[in-house]
Amino acid sequence: MAFFEMVKTALKTVVKRPVTILYPAQAAKKTPISRGHVVFDGNKCISCSICQRKCPSQAIVLNKEAKSWQINRFRCVVCNSCVDICPSKCLFMDTQYTAPAMAKGVDTFTITYVKPAKPE
Ligand code: SF4
Ligand code: SF4
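In short, a report on the structure.

**Concerning the environment of Met93**
Here comes step 1: Locating Met93 in the fold gives a position in strand S4 (residues 91-94).
Here comes step 2: Among the residues examined, Met93 registers a relative accessible area of 15% and is labelled buried.
Here comes step 3: Taking the C-alpha atoms as reference points, Met93 and Ala2, separated by 91 residues in sequence, lie 45 Å from one another.
Here comes step 4: Sequence-distant contacts of Met93, that is, excluding residues within four places in its chain, are made with Ser34, Arg35, Gly36, His37, Val38, Val78, Asn80 and Val83.

And the structure:
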């Protein structure tokens, strides 16, 4: 019985088109809620380090002294926790996938946020 099921499935695949695509040569199917990769805006980051503490895979490293924010693309599991928790909305999830990561997969960004002066 299992043999006939297998033959039926095999014959069906002969006439069907493949369900997979030749990514990245062919664009991946995206929706508005697709999770591609985390994007960082250094102009808004207030160096609170909440994203680093909440990241379940320790993919984020914040260095307040050096004013740098790093993400390890190989560690990131694209869970969206950092995007949800960031109080200054400087993180967002792009629906595009990244280009293949090279070397250690670490992207480093500079924090350029300047605290606004208190009104006198
Ligand atoms: S998406 Fe998740 S795993 Fe990736 S950096 Fe943000 S919190 Fe960490
Ligand atoms: S990215 Fe957002 S959560 Fe992370 S340190 Fe900057 S302001 Fe805080």
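Now that the structure has been shown, the text picks up again.
**Regarding the sheet that holds strand S5 (residues 106-110)**
Here comes step 1: Strands sit in the order S2-S3-S5 across an open sheet of 3 strands; the sheet is antiparallel. A single partner strand is all that each edge strand has here, and the edge strands are strand S2 (60-63) and S5. Looking at each pair of strands side by side, their axes are set apart by 15 degrees on average, direction ignored.
Here comes step 2: Two strands pair when backbone bridges link them, and strand S3 (residues 68-72) and S5 are joined in this way by 5 bridges, in the antiparallel orientation. If you follow Trp69 over to S5, its bridge partner there is Phe109.

**A short note on the pattern of salt bridges**
Here comes step 1: One pass over the structure, following the stated rule, counts 2 salt bridges.
Here comes step 2: The shortest N-O distance in the salt bridge between Glu5 and Lys8 comes to 3.6 Å. Of the two residues, Glu5 and Lys8 both sit in helix H1 (residues 2-15), 3 residues apart, roughly one turn of that helix.
Here comes step 3: The exposure class assigned to Lys8 is partly exposed, which follows from its relative accessible area of 45%.
Here comes step 4: The salt bridge partner of Arg73 is Asp107, with a shortest N-O separation of 2.8 Å. Here Arg73, found in the loop between S3 and helix H3 (81-85), pairs with Asp107, found in strand S5; they are 34 residues apart in sequence, far enough to count as distant.

**Focus on a nonpolar patch on the surface**
Here comes step 1: On the surface, Phe3, Phe4, Met6, Val7, Leu11, Val14 and Val15 cluster together into a nonpolar patch covering about 790 Å² of accessible area.
Here comes step 2: For Leu11, the position within the fold is in helix H1.
Here comes step 3: By relative accessible area, Leu11 is classed as exposed at 57%.

**Here's the deal with the site of ligand 2**
Here comes step 1: Taken together, 13 residues are adjacent to ligand 2, and Cys45, Cys48, Ser49, Cys51 and Cys86 come closest.
Here comes step 2: Of the residues assigned to the shell around ligand 2, the class counts are 10 nonpolar, 3 polar and no charged.

Scoring rules and cut-offs
- Residues numbered from 1 in each chain as written.
- Chains lettered and ligands numbered in written order.
- Predicted model: local features only at pLDDT ≥ 70, side-chain atom pairs only at ≥ 80, totals over all residues.
- Heavy atoms only, no water.
- Helix = DSSP H or I, 4+ residues; strand = E, 2+ residues; numbered from the N terminus.
- Buried < 20%, exposed > 50% of the residue type's maximum accessible area, 1.4 Å probe, protein only.
- Contact = heavy atoms within 4.5 Å.
- Pairing = 2+ DSSP bridges.
- Axes fitted to C-alpha atoms, helices over the stretch in contact; angles between N-to-C directions.
- Salt bridge = Lys/Arg side-chain N within 4 Å of Asp/Glu carboxyl O.
- Patch = residues over 30% accessible without salt bridge, like charges linked within 9 Å, V, L, I, M, F, W, Y side chains within 5 Å.
- Areas by Shrake-Rupley, 256 points an atom, 1.4 Å probe, with all protein chains shown as cover.
- Near = heavy atom within 4 Å.
- Nonpolar A, V, L, I, M, F, W, Y, C, P; charged D, E, K, R; others polar.

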